[in-house]
Amino acid sequence: MRGLGQAAVVAACLAGAGLLGGCGGGSDPATKASAERGHDLIVKNGCGSCHRIGGVERANGDVGPSLEKFQANPRIAGRLPNNPDEVVRWLLNPQAIDPTTVMPNLGLTPEQARDIANYLYTQ
Ligand code: HEC
């Protein structure tokens, strides 16, 4: 599964180049550094109080779905196709996609959302 995840991250890099600031300039979103930043942002934003997330200490919440096998999940929030662009869109504004969801808008920047998505695809 690891190979699949990497492919998804590379696809994010290609597809998100215009929208999210690109893959050049030495900050390739497919790098380990991006996923590591994503891990730290997950801890900082308390995502684990609502989600189970592999590799994140105390991330054992049951309010939202488990994100432990995230890349194997075909749909995000039951409605969006699971690809990096859609994950970023969801993270930036869950209510825009489902006005009734209890997942809060955490005020992430597109860059932070991309880092988090990269981390989730390592799971
Ligand atoms: C207050 C609880 C809460 C917090 C905090 C929260 N979420 Fe969620 N999240 C949810 C709920 C509930 C859903 C299910 C949404 C739905 O189906 O309407 C969800 C859905 C998701 C999904 C889609 C998962 C799927 O398989 O459908 C992702 C990805 C996600 N959250 C990531 C995050 C990340 C990353 C953070 C931190 C930046 C976070 N969430 C913070 C409650 C939360």
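Along each chain, residue indices are assigned from 1 in the same order as the chain's sequence is written. Totals for whole chains, interfaces and linings use all residues, but because this is a predicted model, local features are given only for residues with pLDDT of at least 70 and pairs of side-chain atoms are given and counted only at 80 or more. Computation of side-chain values: all heavy atoms of the structure, hydrogens and water removed.

Enquirer: Account for the site of the ligand, with residues named and values stated.
Expert: The criterion for a residue being near a molecule or strand is simple. One of its heavy atoms has to lie within 4 Å of it. Looking at the ligand, there are 23 residues lining it, with Cys47, Cys50, His51, Ala77 and Met103 nearest. Identification of polar contacts relies on pairs of N or O atoms within 3.5 Å, with a donor-acceptor requirement for protein atoms, meaning one able to donate a hydrogen and the other able to accept it, and with residues adjacent in sequence counted only if both atoms are side-chain atoms. In this structure, a nitrogen atom belonging to the ligand sits 2.8 Å away from a side-chain N or O atom of His51. Thr101 is positioned with one of its side-chain polar atoms (N or O) 3.1 Å from an oxygen atom of the ligand. A cavity, in this analysis, means grid points on a 1 Å lattice covering only the protein atoms where a 1.4 Å probe fits yet has no way out; a pocket is instead an open set bounded by protein on both sides within 12 Å along at least five of seven lines, and a residue lines either one if it has an atom within 4 Å of a point. The way we define it, a molecule is inside a pocket or cavity when more than half of its atoms are within 2 Å of that pocket's grid points. Most atoms of the ligand, that is more than half of them, are within 2 Å of grid points of the largest pocket. Secondary structure elements follow DSSP: runs of H or I no shorter than four residues count as helices, runs of E no shorter than two count as strands, and numbering proceeds from the N terminus. Those elements giving two or more residues to the shell around the ligand turn out to be strand S1 (75-76), helix H3 (84-92) and helix H5 (110-120). Tallied by class, residues from the shell around the ligand come to 16 nonpolar, five polar and two charged. Here the term charged refers only to Asp, Glu, Lys and Arg, the term nonpolar to Ala, Val, Leu, Ile, Met, Phe, Trp, Tyr, Cys and Pro, and the term polar to all other amino acids, Gly among them.

Enquirer: For the pattern of salt bridges, give the residues involved together with the corresponding values.
Expert: A carboxyl oxygen of Asp or Glu within 4 Å of a side-chain nitrogen of Lys or Arg is what we treat as a salt bridge. Here the structure, examined in full by the defined rule, presents seven salt bridges. In this structure, the salt-bridge partner of Asp62 is Arg52, at a minimum N-O distance of 3.0 Å. Of this pair, Asp62 sits in the loop between helix H2 (32-44) and S1 while Arg52 sits in the loop between H2 and S1, and the two are 10 residues apart along the sequence. Exposed residues in this analysis have more than 50% of their type's maximum accessible area, buried residues have under 20%, and partly exposed residues fall in between, with area computed by a 1.4 Å probe over protein chains only. For Asp62, a relative accessible area of 59% gives the class exposed.

Enquirer: Account for the coordination of the iron atom of the ligand, naming residues and giving values.
Expert: Any N, O or S atom lying within 2.8 Å of the metal counts as a donor, and for Na, K and Ca the limit rises to 3.2 Å; water is left out, so some sites can look incomplete. Binding of the iron atom of the ligand to the protein goes through His51 (NE2) and Met103 (SD), at separations of 2.0 Å. In this structure, the iron atom of the ligand is coordinated by six donor atoms arranged in octahedral fashion, with angles at the metal of 88 to 178°. Placement of the pair is His51 in the loop between H2 and S1 and Met103 in the loop between helix H4 (94-97) and H5, with a sequence separation of 52 residues. Neither His51 nor Met103 differs from the other in exposure class; each is buried. Think of it this way: with four donors and all angles in the 85 to 135 degree range, the site is tetrahedral; with four or six donors, opposite ones beyond 155 degrees and the rest between 65 and 115, it is square planar or octahedral; otherwise it is irregular.

Enquirer: Describe in detail the layout of surface pockets, supporting the description with residues and values.
Expert: Using a probe with the size of a water molecule, rolled over the atoms, empty space left in the structure can be pinpointed. Grid points are joined across faces, edges and corners, and a volume is the space filled by probe spheres set on the points. The space that makes up the largest pocket amounts to roughly 510 Å³. Forming the walls of the largest pocket are 29 residues, and the residues nearest its centre are His51, Pro65, Leu67, Trp90 and Met103. Put simply, the parts of the chain that give the lining of the largest pocket at least two residues each are S1, H3 and H5.

Enquirer: Let's hear about H2: which residues, and what values?
Expert: If you check H2, its first and last C-alpha atoms are 18 Å apart, about what 13 residues at 1.5 Å a residue would give, namely 18 Å. Listed in full, the buried residues belonging to H2 are Ser34, Ala35, Gly38, Leu41 and Ile42. An end-on view of H2 places all buried positions within 115° of arc, on one side of the element. Of the residues in H2, the exposed ones pointing more than 90 degrees away from the buried face are Lys32 and Lys44. One less than the number of residues in a helix, times 1.5 Å, gives the span that helix is expected to have. Throughout, the arc means the angular range of directions from the helix axis out to the C-beta atoms.

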